[in-house]
Amino acid sequence: MEAKSIATSLCGDRVLIFPTSPRSSFVSTSRLSRLPLKRASIGGAASCSGVNGLTRWNSIVSTRRLVPVRAIDSESGSDFPHENQQGNPCLGKFKEYQEWDSWTAKFSGGANIPFLMLQLPQIILNSQNLLAGNNTALSAVPWLGMLTGLLGNLSLLSYFAKKREKEAAVVQTLGVVSTHIVLAQLTMAEAMPLQYFVATSAVVTIGLILNCLYYFGKLSKTAWQLWEDFITIGGLSVLPQIMWSTFVPLVPNSILPGTTAFGIAVAAIIMARTGKLSEKGVRFVGSLSGWTATLMFMWMPVSQMWTNFLNPDNIKGLSSITMLLSMMGNGLMIPRALFIRDLMWLTGSLWATLFYGYGNILCLYVVNCTSKSFFVAATIGLISWIGLALWRDAVAYGHNSPFRSLKELVFGP
């Protein structure tokens, strides 16, 4: 029997296409709401054959938003919507959603450029000093701080690999590799103890291999869980110690915060794996590695500004270009974090953009270390970028107000 279609309007903002035959091609909205998350295709047309062409199944699939289903062309047998349906406002919203999904992924991947430009000059300078036999110059690079950053990158790599956010995972991988190169240079200059570098190299190698295997579905759940437990314990142990060390010598120099946090982290992991915690508690423990890594990066601007407060003359050693690159790298990831409603990612990116990148540019301007035109351009660019991200996200989701996106981010749809 030849298939025919009937268009039915629902609630004024949705259109479902119900084929009169065969009945097997009918897709109900209750089934759609149970479909798993899928990544949008970039730059391609969305197929309406079944449901394979639909993008990221989050809150866009609800009774309030576009629910595209199969539409069969009775004349040509095509599985794509009729041409005259392309003007449907619902399909228009779906197209805007798909386009912004593609653009935010590209922005996130583009963050590799400023982040690479941040680390590359340091690697080149270290190489020049090593070739010249000037090993003392490399002692100015704090290997402990670099090691902390590497651990944060490795933790966030696992977080984004688990979420299948390829572009963000590549950014973190680049951070791990570039930081490890700097640590290798410091070890060659004897500015970092060899035994620490060997241990770090082993963790980095294992971490990169496990994340790669997990991303491509080649790693068992048990092995991945053990890796997550390891980075959770490591992150929880390091974060309090870093926060405490920032305020030395105003507070006593002690390893008590780190050792205490280590004991608490081990106890939490054991309780979670032995069923001593509720389901909510297990989920909380599982989210700790990502949050601790984010908090480590969020603490960097706090530490920098505290140093600026204690030693105002030190700020003259900061480069305004370096701070601008940091602001750009973190700012490029803001639209993606907002689009996929990832509160942790957005919190870290926004914090680093405002307080590390722009905050230090503001400090440089206050002490007359950068020009007024540079500061004004950075300010206008930052405000415009955040405004664009909010506006385009609201358009993609069909909201009347950009602030609704922030509400959904915090409280859910």
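Definitions and limits used
Residues numbered from 1 in each chain as written. Predicted model: local features only at pLDDT ≥ 70, side-chain atom pairs only at ≥ 80, totals over all residues. Heavy atoms only, no water. Helix = DSSP H or I, 4+ residues; strand = E, 2+ residues; numbered from the N terminus. Buried < 20%, exposed > 50% of the residue type's maximum accessible area, 1.4 Å probe, protein only. Polar contact = N/O pair within 3.5 Å; in protein donor to acceptor, adjacent residues only side chain to side chain. Contact = heavy atoms within 4.5 Å. Expected span 1.5 Å × (residues − 1). Salt bridge = Lys/Arg side-chain N within 4 Å of Asp/Glu carboxyl O. Phe/Tyr/Trp six-rings, centres within 6.5 Å; stacked < 30°, edge-to-face > 60°.

Chemist: Describe the side chain of Thr353, listing the residues and the values that go with them.
Modeler: Mapped onto the secondary structure, Thr353 falls in helix α12 (residues 343–366). Classification of Thr353 by relative accessible area gives buried; the value is 0%. Polar side-chain contacts of Thr353 include one of 2.6 Å to the backbone oxygen of Ser349. The contacts of Thr353, once residues within four sequence positions are left out, are Met327, Asn330, Gly331, Ile334, Tyr358 and Leu382.

Chemist: Explain helix α6 (residues 194–215) to me, using residue names and the numbers behind them.
Modeler: Under the 1.5 Å per step criterion, the end-to-end length of α6 is 31 Å for 22 residues, consistent within 8% with the ideal 32 Å. Burial in α6 covers these residues: Phe197, Thr200, Ser201, Val204, Gly207, Leu210, Asn211 and Tyr214. Contacts from the buried residues of α6 go to α4 (143–162), α5 (166–188) and α7 (221–246). Following α6 by one or two positions, Gly217 has its phi on the positive side, about 70°.

Chemist: Provide a residue-level description of the pattern of salt bridges, including the pertinent values.
Modeler: In total, this model carries 9 salt bridges according to the counting rule given. Here Glu408 makes a salt bridge to Arg404, at a shortest N to O gap of 3.9 Å. One end of the pair, Glu408, and the other, Arg404, are both in helix α14 (residues 403–411), 4 residues apart, so they sit about a helical turn from each other. Overall, the relative accessible area of 7% leaves Glu408 in the buried class. Residue class for Arg404 comes out partly exposed when judged on its relative accessible area of 35%. Several salt bridges converge on common partners, so that one network encompasses Arg341, Asp393, Arg404 and Glu408.

Chemist: Give me the packing of aromatic side chains: which residues, what numbers.
Modeler: Scanning all chains against the criterion turns up 16 aromatic pairs. Centre to centre, the rings of Trp143 and Tyr196 are 5.5 Å apart; their planes meet at 20°, and the pair counts as stacked. Placement of the pair is Trp143 in helix α4 and Tyr196 in helix α6, with a sequence separation of 53 residues. For the ring pair Trp351 and Phe355, a centre distance of 4.4 Å and an interplane angle of 35° mean the geometry is tilted. A residue pair is termed a helical-turn pair when its members lie 3 or 4 positions apart in one helix, as Trp351 and Phe355 do in helix α12 at 4 residues.

Interpretation note: all reported values are geometric properties and have no functional meaning in isolation.
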